[in-house]
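# Breakdown of the fold
So you can see what is in the structure, the chains are spelled out below.
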Amino acid sequence: MLIAKTLSRDHRALEQLLDELGAIASTEPQQRLEVFTRLQGLLQAHARAEEEVVYRALRQAAPEEAQPLLAYEEHHVADLLLQELASAAPGHAEWVAKARVLEEALRQHIKQEEITLFALLDEHFDKAAQAAMDKEFRAVKHQRLETLLGPLRRAMPAFAGRAVLPAQVLAAQLMRRGELYLRRRRGSWRQGSGAAGG
């Protein structure tokens, strides 16, 4: 498969999550948080893999092109918005406003990328190189997802297999707030808040 097709698939998945997030009523902060957590995980894994594989290759092949640098900066802005959203309450108007800004920025980024960067890929890389790039992108993205989800899997037994989404969301909330710690006591995992103690 060529890298553009894989990127497009991820883009459609991100757009679907943005649509879901936008459709959730303000009276459903828990549901909002669940969708946001899925969006955050996919977006961060996708962006890091894209930067490491696609943007790096384009910068090497076409150092005079500004578009890869613009895309890096757009990822940086998205990361800042994700951090702010992750630490805010999803029931407040400020959260909704930030989420809309993130949505608009992502949709514009995706549109621009599929027009400009995909054309640069076709211009500078043959099909074999694009297929190799696709393979590397998938591997890096998988590694990034494992980096994001691995601690949650170890922290929450439900995360290991067919996880219950509320357990995942709770673990993500606690991790974001720095409150998740585990201790082994009498053969069971315990979850607490505050500093890890004996």
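Everything that follows concerns the structure shown earlier in this document.
Everything numeric here is computed off the predicted structure, so don't read it as measured data. (Residues numbered from 1 in each chain as written. Predicted model: local features only at pLDDT ≥ 70, side-chain atom pairs only at ≥ 80, totals over all residues. Heavy atoms only, no water.)

## Brief notes about the overall build of the protein chain
Within the protein chain one finds 6 helices and 2 strands. From first element to last, N terminus to C terminus, the protein chain shows the α and β order α-α-α-α-α-α-β-β. A burial count over the protein chain gives 41% of its 198 residues as buried. Sequence separation of 24 or more characterises 65% of the internal contacts of the protein chain that already satisfy a separation of 6 or more. (Helix = DSSP H or I, 4+ residues; strand = E, 2+ residues; numbered from the N terminus. Buried < 20%, exposed > 50% of the residue type's maximum accessible area, 1.4 Å probe, protein only. Contact = heavy atoms within 4.5 Å.)

## Structural notes on helix α3 (residues 67-86)
For α3, built from 20 residues, the straight-helix expectation of 28 Å at 1.5 Å per residue is met to within 8% by its first-to-last C-alpha distance of 28 Å. Along α3, the positions that sit buried rather than exposed are Q67, P68, A71, H75, A78, D79, L81, L82, L85 and A86. (Expected span 1.5 Å × (residues − 1).)

## Some thoughts on the packing of helix α1 (residues 3-23) against helix α2 (residues 29-61)
Where α1 contacts α2, the axes come no closer than 10 Å and their chain directions differ by 155°. When the axis of α1 is compared with that of α2, the two are roughly antiparallel. In this structure, α1 meets α2 at a crossing whose hand is left-handed. Mapping the contact onto sequence places I3, L7, D10, H11, A13, L14, L17, L18, E20 and L21 in α1 and R32, V35, F36, R38, L39, L42, L43, H46, E50 and V54 in α2. Taken together, the residues of the contact of α1 with α2 break down into 13 nonpolar, 2 polar and 5 charged. (Axes fitted to C-alpha atoms, helices over the stretch in contact; angles between N-to-C directions. Parallel < 35°, antiparallel > 145°, perpendicular 65-115°, else oblique. Left-handed = near helix turned anticlockwise from the far one by under 90°. Nonpolar A, V, L, I, M, F, W, Y, C, P; charged D, E, K, R; others polar.)

Honestly, that's just the spatial picture; any functional story needs more than this.
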